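Spelled out, the chains give:
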Amino acid sequence: MFLPHSKGGDKVVKRFILIIVILVSVSNIFSQELTKLSFALHWTPQSQFAGYYLAKDLGIYKKHGIDLTIIPAGPGVSTSAMLQKGEVDFALLWLSNAIQLKANKTDIVNISQIVNRSALMLIAKKSSGIKSPEDMNGKKIGIWGGDFQIQPMAFFKKYNLNVKTIMQGNSINLFFFGGVDVTSAMWYNEYHTILNSGFNPEELNTFFYSDYGLNFPEEGIYCSEKFYSEHPDLCKAFVEATLEGWQYAFSHPDEAVNIILKYMKEANIAANKSHQRWMLESIKDLIFPHKKTDSFERLTMHGYLLVARTLKEEGLIKEIPDFYSLYKPVINR
């Protein structure tokens, strides 16, 4: 654009330059205010983690002053190890894992419990004749490794069952082809996979551990106690942004699923849109079981002690860590 050399033209040019300087300065200020943080999930991208991905994708974390890197996990990747080594600032862990770490003097705290209701379950075909826990005696049961074994083992002990456990890996094909009589499953994932394979709910008998006195709280957000003590405002901002991400995901399920599918594609993970939609709806019932979405539910002393005492009975910890030494919620409403 040509501006004639005049006093008026000089004023316009100076004003234009001033606006550019202000915009650049504001941009620099905002970029300087963002704190780079990292967060490790315990599995690959899927709707189970929709709230975190949406909060990142839609700029919610940035709105709260955080430039977040989400690190997905998967087979052979230990989220808790990353947190212990200081490779990430926050990590998503199961309570059973966290209690074991704390009992071994690991420097971690729970700043928000996300899931208080266990989604872990056992599934049998009705044609197998397995209608009750007692019917599982002498049967082949597919289970997962690590912390996923704790509830099944406590379940078998509670009902005095002598079963043959078989590691089922990341697939439930053994169940489909009769390799196991009963399979382990997550309600929001493998259960729906079984339905998608052609089974009707009426053809299955389901055993939720939560219905048999083994309702273990599951996912929570953890960081080191040192980070929590030195950066309480960042911890609160992270949880507040995460809550906002979940609220948005559940209010805009189609958009949420599309964003998740994008991240799954980037990670070269096969995706099924209807399955991801099912997972999102199921996760909503786990995170907000009472339909109140104004805050995450608090971890109860009862839920904590249920897990901790089971761990001690199974010989996985020697002493139960103090509840308040591990649980330090940053949102108290």
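Preceding this paragraph is the structure being described.
These figures come from a predicted structure and were not determined experimentally. (Residues numbered from 1 in each chain as written. Predicted model: local features only at pLDDT ≥ 70, side-chain atom pairs only at ≥ 80, totals over all residues. Heavy atoms only, no water.)

Some thoughts on the sheet that holds strand β7 (residues 164–167)
Strands sit in the order β7-β6-β8-β5-β9 across an open sheet of five strands; the sheet is mixed. Each edge of the open sheet carries a strand with a single partner, namely β7 and β9 (204–208). Averaged over neighbouring strand pairs, the angle between their axes works out to 30 degrees when direction is ignored. Note that strand β6 (residues 140–143) and β7 share four bridges and pair parallel. Residue Gly142 lies in a different strand from β7, and its bridge partner there is Ile166. Contacting β5 (120–125), β6 and β7, helix α6 (residues 150–158) runs over the sheet at an angle of about 150 degrees to β6. (Pairing = 2+ DSSP bridges. Helix = DSSP H or I, 4+ residues; strand = E, 2+ residues; numbered from the N terminus. Axes fitted to C-alpha atoms, helices over the stretch in contact; angles between N-to-C directions. Contact = heavy atoms within 4.5 Å.)

Some remarks on the packing of helix α11 (residues 253–266) against helix α12 (residues 273–287)
The interhelical angle for the contact between α11 and α12, taken along N-to-C directions, is 120 degrees, at an axis separation of 10 Å. Of the possible angle classes, the one that applies to α11 and α12 is oblique. In the crossing of α11 with α12, the sense of the turn from one axis to the other is right-handed. On the side of α11, the interface is formed by Pro253, Asp254, Ala256, Val257, Asn258, Ile260, Leu261 and Met264, while α12 contributes Lys273, Gln276, Arg277, Leu280 and Glu281. (Parallel < 35°, antiparallel > 145°, perpendicular 65-115°, else oblique. Left-handed = near helix turned anticlockwise from the far one by under 90°.)

Points about the side chain of Gln46
Here Gln46 shows up in the loop between β1 (35–40) and α2 (50–57). Gln46 gets classed as buried once you look at its relative accessible area, which sits at 8%. Those residues in contact with Gln46 that sit more than four places away from it in its chain are Asn189, Ile260, Met264, Gln276 and Met279. (Buried < 20%, exposed > 50% of the residue type's maximum accessible area, 1.4 Å probe, protein only.)

Some words on unusual backbone geometry
The backbone of Asn160 sits at a positive phi, close to 50 degrees, despite the residue not being glycine. Note that Asn160 resides in the loop between α6 and β7. One non-glycine residue, Asn268, adopts positive backbone phi at about 60 degrees. Note that Asn268 resides in the loop between α11 and α12.

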